[in-house]
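# Per-entry structural report
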Amino acid sequence: MSKNLIAFIVLFFLPVLGSANDDVKEGLRIMTEVDRRDTGWVDYTVELTMILSNARGETTEREMQMKSKETEKDGDQTLMVFDTPPDVRGTGLLTYTHLIGEDDQWLYLPALKRTKRIASKNKSGPFMGSEFAYEDLSSQEVSKYSYRYLNDEKMDGDEHFIVERYPLDKNSGYTRQIAWIDKDYYRFQKIKFFDRKNKHLKTLNFHDYSIYDDRFWRASSMTMENHVNKKSTQLVWNNYQFNRGMRSQDFNKNALKRVR
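A brief look at the structure comes next. In this text, all values refer to a predicted model and were calculated from it rather than measured experimentally.

Reading the values: rules and limits
Residues numbered from 1 in each chain as written. Predicted model: local features only at pLDDT ≥ 70, side-chain atom pairs only at ≥ 80, totals over all residues. Heavy atoms only, no water. Helix = DSSP H or I, 4+ residues; strand = E, 2+ residues; numbered from the N terminus. Buried < 20%, exposed > 50% of the residue type's maximum accessible area, 1.4 Å probe, protein only. Contact = heavy atoms within 4.5 Å. Lys, Arg positive; Asp, Glu negative; His and termini not counted. Charge placed at Lys NZ, Arg CZ, Asp CG, Glu CD. Phe/Tyr/Trp six-rings, centres within 6.5 Å; stacked < 30°, edge-to-face > 60°. Lys NZ or Arg CZ within 6 Å of the ring centre and 35° of its normal. Pairing = 2+ DSSP bridges. Core = buried A, V, L, I, M, F, W, Y, C linked by side-chain atoms within 4.5 Å. Salt bridge = Lys/Arg side-chain N within 4 Å of Asp/Glu carboxyl O. Polar contact = N/O pair within 3.5 Å; in protein donor to acceptor, adjacent residues only side chain to side chain.

## Examining the overall build of the protein chain
Broken down by element type, the protein chain carries three helices and 13 strands. Seen through its principal axes, the protein chain has C-alpha atoms that stretch 50 × 45 × 40 Å. Per-residue burial for the protein chain yields a buried fraction of 50% across its 260 residues. In the protein chain, 46% of the contacts between residues at least 6 apart in sequence involve partners at least 24 apart. Here the protein chain carries 41 positive and 39 negative side-chain charges, and the mean point of each set is 7 Å from the other.

So this is what it looks like as structure tokens:
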């Protein structure tokens with residue numbers, strides 16, 4: 001089932017805050033265009049630095065490698081593996097994102113030599129002590145949300161769409177998210193996350209975009225700030241490599257144990 005067909009279903013056949021009014025249609029149009037402009041990259045690898053900051057400003061760094069692959073009829077597949085520090089080396093997260101239904105995620109713990117499936121009810125929990133939840137690390141498929149366009153806003157000299165999106169997954173840790181998307185290139189610039197009590201929990205900011213293959217924009221860093229515990233996590237992305245010729249077997253549960 002194509003992503004365009006999924007978007008059609010979301011608009012016309014799912015209950016979205018009442019009738020499919022103009023704001024709902026415009027919200028879906030914007031997010032579908034965001035997705036369209038970032039489709040066709042096939043696969044990539046990238047190096048990651050995760051910087052954890054506590055409420056006192058003390059930091060801890062972790063190094064990771066990540067690879068991701070598009071699929072023809074479903075969501076993306078992603079494998080993240082820690083390289084440093086030694087106490088988490090070899091820990092890996094495998095994610096299968098689906099266009100419809102719950103995503104599949106598995107965590108490999110090398111100290112236990114065990115692969116643990118992440119239960120749907122636990123995907124709102126923190127990933128490896130960071131301010132990113134497991135669900136934040138899935139690809140953000142259009143069909144996983146309903147949408148409402150709010151307004152336009154100028155930020156840092158550029159015009160942005162502001163779109164509110166509502167997770168369709170009943171186990172999501174969020175009631176809603178508000179996203180700022182630049183009008184020139186349809187890139188995320190900021191997302192506010194609201195918890196199950198509709199309290200502003202976290203804000204994700206995207207920094208320093210670069211373009212790859214003359215088409216695909218990627219942020220050089222992302223910072224997730226938690227407004228409740230005053231902690232933050234920054235992800236710094238380096239050395240993107242596209243079209244690596246990855247195979248499906250590079251993204252199965254055995255691959256979690258192979259990549260060290």
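## Quick word on the packing of aromatic side chains
The geometry of an aromatic ring pair comes down to the distance between the two centres and the angle between the two planes. Enumeration according to the criterion identifies 16 aromatic pairs in this entry. Judged by centre distance (5.4 Å) and plane angle (40°), the ring pair of Phe 161 and Tyr 186 falls under tilted. One end of the pair, Phe 161, is in strand S8 (residues 158-167); the other, Tyr 186, is in the loop between strand S9 (174-182) and strand S10 (188-195), and 25 residues separate them in sequence. Take Phe 161 and Tyr 186: they sit in the same class, and that class is buried. For the cation-ring pair, Arg 165 lies above Tyr 145, with the distance from its terminal atom to the ring centre recorded as 4.3 Å.

## Overview of the pairing of strand S1 (residues 43-53)
Burial analysis of S1 places nine of its eleven residues in the buried class, which makes it a mostly covered element. Alignment of S1 against strand S2 (residues 59-69), held across eleven bridges, turns out to be antiparallel. Across the sheet, Leu 48 pairs through a bridge with Met 64, a residue of S2. What sits between the antiparallel neighbours S1 and S2 is a turn of five residues, in which Gly 57 has the positive phi angle 90°. Sheet topology places S1 next to strand S13 (residues 232-242); nine bridges connect them, and they run antiparallel. Within S13, the position partnered with Met 50 by the bridge is Leu 235.

## With respect to the nonpolar core
Ile 30, Phe 127, Ile 181, Phe 188, Leu 204, Phe 206 and Trp 237 are the most contacted members of the largest nonpolar core, which has 49 residues in total. With five residues, the single largest contributor to this core is S1. Among all residues touching Ile 30, those that are not within four sequence positions of it are Tyr 149, Phe 161, Val 163, Ile 181 and Tyr 186. Of all hydrophobic cores here, the second largest spans ten residues; its members include Val 81, Tyr 108, Met 246 and Ala 255.

## Description of unusual backbone geometry
Looking along the chain, the bond that leaves Thr 84 and enters Pro 85 is cis, with omega of -5°. For Pro 85, the position within the fold is in the loop between strand S3 (77-84) and strand S4 (92-96). The backbone of Asn 243 sits at a positive phi, close to 55°, despite the residue not being glycine. Within the fold, Asn 243 resides in the loop between S13 and helix H3 (253-258). What makes Asn 243 partly exposed here is its relative accessible area of 48%.

## Digging into the pattern of salt bridges
Using the criterion set out here, one finds 13 salt bridges in the structure. With its nearest N and O atoms 2.9 Å apart, the salt bridge here joins Glu 26 to Arg 29. Linking Glu 26 with Arg 29, this pair stays in helix H2 (residues 22-37), spanning three residues, or about one helical turn. We classify Glu 26 as partly exposed; its relative accessible area is 23%. For Arg 29, a relative accessible area of 37% puts it in the partly exposed group. Lys 183 serves as the salt-bridge partner of Asp 152, at 2.5 Å between the closest nitrogen and oxygen.

## Things to note about the pairing of S9
Burial of S9 is extensive: eight of the nine residues sit out of reach of the surface. The hairpin formed by S8 and S9 contains six residues between the paired strands. Direction of pairing for S9 relative to S10: antiparallel, over a ladder of seven bridges. Residue pairing for S10: Ala 179 is matched across the bridge by Ile 191.

## With respect to the environment of Arg 89
Structurally, Arg 89 is set in the loop between S3 and S4. Classification of Arg 89 by relative accessible area gives partly exposed; the value is 44%. As for Arg 89 and Met 64, which are separated by 25 residues in sequence, their C-alpha atoms are 8.8 Å apart. One polar contact links the side chain of Arg 89 to the main-chain carbonyl oxygen of Asp 83, over a distance of 3.3 Å.

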